[in-house]
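# Tertiary structure, described
Single-letter residue listing:
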Amino acid sequence: MSKKNIEFFFEPGSVAVVGASEAPGKLSAVIMESLLSSGFEGKVIPVNPKYSSVKGLKCFPSVSEIENGVDIAVYALPASLTLRALRDAENKVKGAIIVSGGFGEAGDEGKALERGIKDIVKETGIRVIGPNCMGIFDAVSGLDTFFIPRTRIARPQRGSLSIISQSGSFAITAMDELASAGVGVARVVSYGNKTDVSEADCLRFLSEDKHTKAVAVYIEAIEDGRSFVEAAATCASKKPVFAIKVGRRGAGSAAALSHTGAIAGNYEAYRAAFRKSGVMELDGYEEFIAACKALGSGSEAKGPRVVIITDGGGMGVSIADACAEAGLEVPPLSEDLKERVREGLPSYFSINNPIDLTGSVTDETYADALDKTLSDDSFDIAIVAALWGPPGLTDELPALLSERAQGIKKPVLVCSPGGAFTRSKAELFMKCGFPVFQTPEAAVKAASILARRAPRRKG
Amino acid sequence: MDAQAIDRLVIEAQSLGRKTLPEPDAKEILRLSGVPVPRSHVAKDLSGAVEIAAKIGYPLVLKVVSPDILHKSDVGGVALGIRNAKELEEKWAEMVLTVADESATSMIEGFLVEEMAPKGAEVIIGAVRDEQFGPLIMFGTGGVAVELMKDVSFRLGPLSKKEAIGMMTEVKGFALLTGYRGETFKDIEAVAEIILMVSQIMEEVVALKELEINPLLVYERGVMAVDARAVLK
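Residues numbered from 1 in each chain as written. Chains lettered and ligands numbered in written order. Predicted model: local features only at pLDDT ≥ 70, side-chain atom pairs only at ≥ 80, totals over all residues.

## Details of the overall build of chain A
Scanning chain A from N- to C-terminus turns up 15 helices and 18 strands. For a compact globule of 459 residues, the expected C-alpha radius of gyration is about 23 Å, and chain A comes in at 25 Å, within 12% of that figure. Dimensions of chain A, computed from C-alpha atoms along their principal axes, come out at roughly 80 × 65 × 35 Å. By residue count, 53% of the 459 residues in chain A fall in the buried class. (Helix = DSSP H or I, 4+ residues; strand = E, 2+ residues; numbered from the N terminus. Rg over C-alpha atoms; globule rule 2.2 N^0.38 Å. Buried ≥ 20, exposed ≤ 12 C-beta atoms within 10 Å, placed from the backbone.)

## Some thoughts on the domain arrangement of chain A
One frequently used descriptor of interface size is the decrease in accessible area upon assembly of the parts. Residues and elements named next belong to chain A. By the assigned domains, chain A splits into domain 1 (7-296) and domain 2 (306-453). Taking only C-alpha atoms, the centre of domain 1 and the centre of domain 2 are 38 Å apart. On the domain 2 side, the residues contacting the 12 residues of domain 1 number 14 residues. With six residues, helix α9 (residues 284-296) is the largest single contributor of residues to the side of domain 1 that touches domain 2. (Domains from an automatic or database assignment. Contact = placed C-beta atoms within 7 Å.)

## Some remarks on the sheet that holds strand β10 (residues 185-190) of chain A
By definition, the strands of a sheet pair up through backbone hydrogen bonds, in either a parallel or an antiparallel sense. Residue and element names in this part refer to chain A. Ordered in space as β8-β10-β9-β11-β12-β13, the six strands form an open sheet in which the pairing is mixed. Two strands bound the open sheet, and with one partner strand each, they are β8 (135-138) and β13 (280-281). Where strand β9 (residues 158-165) and strand β11 (residues 214-219) come together, five bridges link them in parallel fashion. Note on β11: the bridge partner recorded for isoleucine 164 is valine 217. Contacting β9, β10 and β11, helix α5 (residues 199-208) runs over the sheet at an angle of about 175° to β11. (Pairing = 2+ DSSP bridges. Axes fitted to C-alpha atoms, helices over the stretch in contact; angles between N-to-C directions.)

## Some details on the packing of helix α1 (residues 3-15) of chain B against helix α2 (residues 23-32) of chain B
All names here are of chain B. One can describe the packing of α1 onto α2 by two numbers: an axis separation of 9 Å at closest approach and a directional angle of 165°. Our classification of the angle between α1 and α2 gives roughly antiparallel. Considering how the two elements wind past one another, α1 and α2 form a crossing that is left-handed. Taking contact as the criterion, the partners of Ala5, Ile6, Leu9 and Ala13 in α1 are, on α2, Asp25, Glu28, Ile29 and Leu32. (Parallel < 35°, antiparallel > 145°, perpendicular 65-115°, else oblique. Left-handed = near helix turned anticlockwise from the far one by under 90°.)

## Some points on the packing of helix α4 (residues 168-180) of chain A against α9 of chain A
Residue and element names in this part refer to chain A. Relative to each other, α4 and α9 sit at 50°, their axes nearing to 11 Å. Overall, the two elements α4 and α9 adopt an arrangement that is oblique. As for how α4 packs across α9, the hand of that crossing is right-handed. Contact residues: α4 offers Ala174, Glu177 and Leu178, while α9 offers Phe288, Ile289, Cys292 and Gly296.

## What about the environment of proline 331 of chain A?
All names here are of chain A. Within the fold, proline 331 resides in the loop between α10 (313-325) and α11 (335-342). Judged by the 12 C-beta atoms lying within 10 Å of it, proline 331 falls in the exposed class. Sequence separation of proline 331 and arginine 305 is 26 residues, and the distance between their C-alpha atoms is 6.7 Å. Residue contacts for proline 331: discarding those within four places in its chain leaves Arg305, Asn353 and Ser378.

## Focus: the sheet that holds strand β5 (residues 72-75) of chain A
Residues and elements named next belong to chain A. On the basis of which strands lie adjacent, the open sheet formed by five strands has the order β2-β1-β5-β6-β7 and parallel pairing. The open sheet has two free edges, formed respectively by β2 (43-47) and β7 (127-129), since each of these has just one partner strand. Within the sheet, the average angular offset between the axes of one strand and its neighbour, ignoring direction, is 20°. Each of β1 (14-18), β2 and β5 touches helix α1 (residues 27-37); the most contacted strand, β1, lies at about 160° to it.

## Thoughts on the interface of chain A and chain B
Across the boundary between the two partners, chain A contributes 23 residues, which contact 28 residues of chain B. Of all the elements in the fold, those that place two or more residues in the side of chain A that touches chain B are α6 (225-236), α7 (259-263) and α8 (266-277) of chain A. Per-element accounting of the side of chain A that touches chain B gives the leading share, eight residues, to α8 of chain A. Its residues assigned to classes, the side of chain A that touches chain B shows nine nonpolar, seven polar and seven charged. (Nonpolar A, V, L, I, M, F, W, Y, C, P; charged D, E, K, R; others polar.)

## Remarks on α1 of chain B
An ideal rise of 1.5 Å per residue puts 18 Å on 13 residues; α1 of chain B measures up with 18 Å between its terminal C-alpha atoms. Positive phi appears at glycine 17 of chain B, one or two residues downstream of α1 of chain B, with a value of about 80°. (Expected span 1.5 Å × (residues − 1).)

## A word on the pairing of strand β16 (residues 381-385) of chain A
Residues and elements named next belong to chain A. With five of its five residues buried, β16 lies for the most part within the structure. The alternating pattern of β16 places Ile381, Ile383 and Ala385 on one face and Ala382 and Val384 on the opposite face, and all of these are buried. For strand β14 (residues 306-310) and β16, the ladder comprises five bridges, and the chain directions are parallel. Each residue of the ladder has a partner; that of isoleucine 309, found in β16, is valine 384. On the question of chirality, the crossover connecting β16 to the parallel strand β17 (residues 412-415) by way of helix α13 (residues 397-405) is right-handed. (Right-handed = clockwise from strand over helix to strand, strands pointing away.)

## Concerning α9 of chain A
One full turn of an α-helix is made of 3.6 residues, so residues set three or four places apart face in the same direction. Residue and element names in this part refer to chain A. Its 13 residues place the ends of α9 18 Å apart at the C-alpha level, agreeing with the 18 Å of an ideal helix rising 1.5 Å per residue. Taking burial as the measure, the 13 residues of α9 include 10 buried ones, the bulk of the element. Every buried residue of α9 is accounted for by Glu287, Phe288, Ile289, Ala290, Ala291, Cys292, Lys293, Ala294, Leu295 and Gly296. Within two residues after α9, glycine 298 carries a phi angle of roughly 85°, on the positive side.

## A closer look at the environment of valine 185 of chain A
Residue and element names in this part refer to chain A. Mapped onto the elements, valine 185 comes out in strand β10. As a C-alpha pair, valine 185 and serine 297 span 112 residues in sequence and 9.8 Å in three-dimensional space. With near-sequence residues (within four places) excluded, valine 185 lies in contact with Ala139, Pro156, Gly159, Leu161, Ser162, Ile163, Met175 and Leu178.

## Focus on the domain arrangement of chain B
Residues and elements named next belong to chain B. We note that the domain assignment places domain 1 (3-36 + 119-232) and domain 2 (40-115) within chain B. Here the C-alpha centre of domain 2 lies 24 Å away from the C-alpha centre of domain 1. Here the residues of the side of domain 1 that touches domain 2 sort into three nonpolar, one polar and two charged.

## Focus: unusual backbone geometry
Backbone torsion omega between asparagine 353 of chain A and proline 354 of chain A reads 5°, so that peptide bond is classified as cis. In this model, glycine 157 of chain B is joined to proline 158 of chain B through a cis peptide bond whose omega is -10°. With a phi angle near 55°, lysine 55 of chain A is a residue other than glycine that sits in the positive phi range. Assessed through the 17 C-beta atoms surrounding it within 10 Å, lysine 55 of chain A is described here as partly exposed.

Pasting the structure below:
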């Protein structure tokens, strides 16, 4: 099989949409709409023998009729028609994204069709993403083959986090959630049945991709474990890679002939593979999103020492407890630092860690406390739990915190538990680029993910 | 390690249609790999056992050899600390009866007469071959309650020495090797070597599906693999 790099998929000069149509509700119509309205600057070429034009663009009966060929073709055809259409593209395209289902996941007939795709890949050298996938959402180039309308699933802004996922629905759900949280992405790939392009191909590409600063991976099953470990290790040596593995059940076999066989299930092998390659494993969806928010913000922690700043003592202690549970350190402030933070504050403020700024807090005291503690060498991460009760807090707080934290280059995580009013204020934090978490636990999970990345765990 | 000799042993077992290797063969694989094992021989009858015993010397261990019995001690198939020929005769008679009673359908291939290893800390070192990822190596606190305690750690092979040490420090039972409650400090270096050897055997002998030493006895100096099993593909 050709080991051609898959880079060309992400910033193609031209894209053919095979099966293009304007009929509302058709996948191809959504894809056409996305490509034409998402800021994608490449050429879009509809292909469908039934039409002479689609969306005002000249429509070709077959990819083979496109004179100079195209970089990639997106196939949104019934499974039974896909093979023939893919063969037509020989020598005309470098890569194909087959979003259609009805292949290996759909019984014997589908399996045979998928083997057919594999053969075409071998014979023609066309690289294939899918089938049974969403394809690519690329915030760098604007390429968007995700066939769910933007009114239903929002696309995140451009950022530095890339996501690769076996599951399309997981990818779009995470994307939608990140879009709401103000977290940007670079490349999102949903590769479905991965007949050709696998997670290892994607990881190899992302490890070299200058637009990607962190990689999130959703895994159901990996076929070639050793090639995954190799690609993941290369990528993780350059940037944080974190993964969620689902389908963990199925422990060792009870009928095993050794103790090892009885204890070691397939999941233990995945965990060992993550460990060997330096991939951080995440426990469940909540932690996955927390990690995306933390690493998507682009800041890196140099260690596990957390300063907690709040105006509600209870929330501060609760965060401190969660930190201890997660293996993070919440060290006390040095006498010298205490002295500096205390300057200009009323004597009843509790200057410890957590720092409780009480109901007398103002925007300025918050910003001061954050600035002085986080810029001190004794801390790596700040968790700011702003509770909106005190009258001294205004809508200026997020911008002020952002301004004062800017030069420090250490992660600041905002924990913002509360109801409707608080949630509306959370938006202000997001606009200023802060990762915002609803609960102490989620904020602490994010902090611990940043800290885990800090001293590279080996051995 | 003598990979060729191990291959021959495995191929012969496969040609006999075996799915598992009985203890003596599994230990032979270890011996051929340089893992210390007690001196032993399989006896088919009592007079043979007495002869072997005279060569090895007392005290001795007597163990049933059967591909069908996973937990030998559960069926009365292990007798420790046999001090002389008279005791050997008694234990032999007792074991034949008990095993026949407890595990009537198991095929008995003989009885292993083995040098009695001195007491030491017990660890388990095992490996399974995962279909996707290849050899997965396990280290843990050994003994009969391994599955109950699950005080184990895993790494994917092939292992580096750093990974082998990492596996050891990760389990709670590591304290038993490092002077817990007045115990002496054990030969951790030697344990790491055995972990690495199990990893290497799995890399080189691809017909092995599982390999397990339980327990590996760990002393102040050196180790001894007193029980082992192997599962074939």
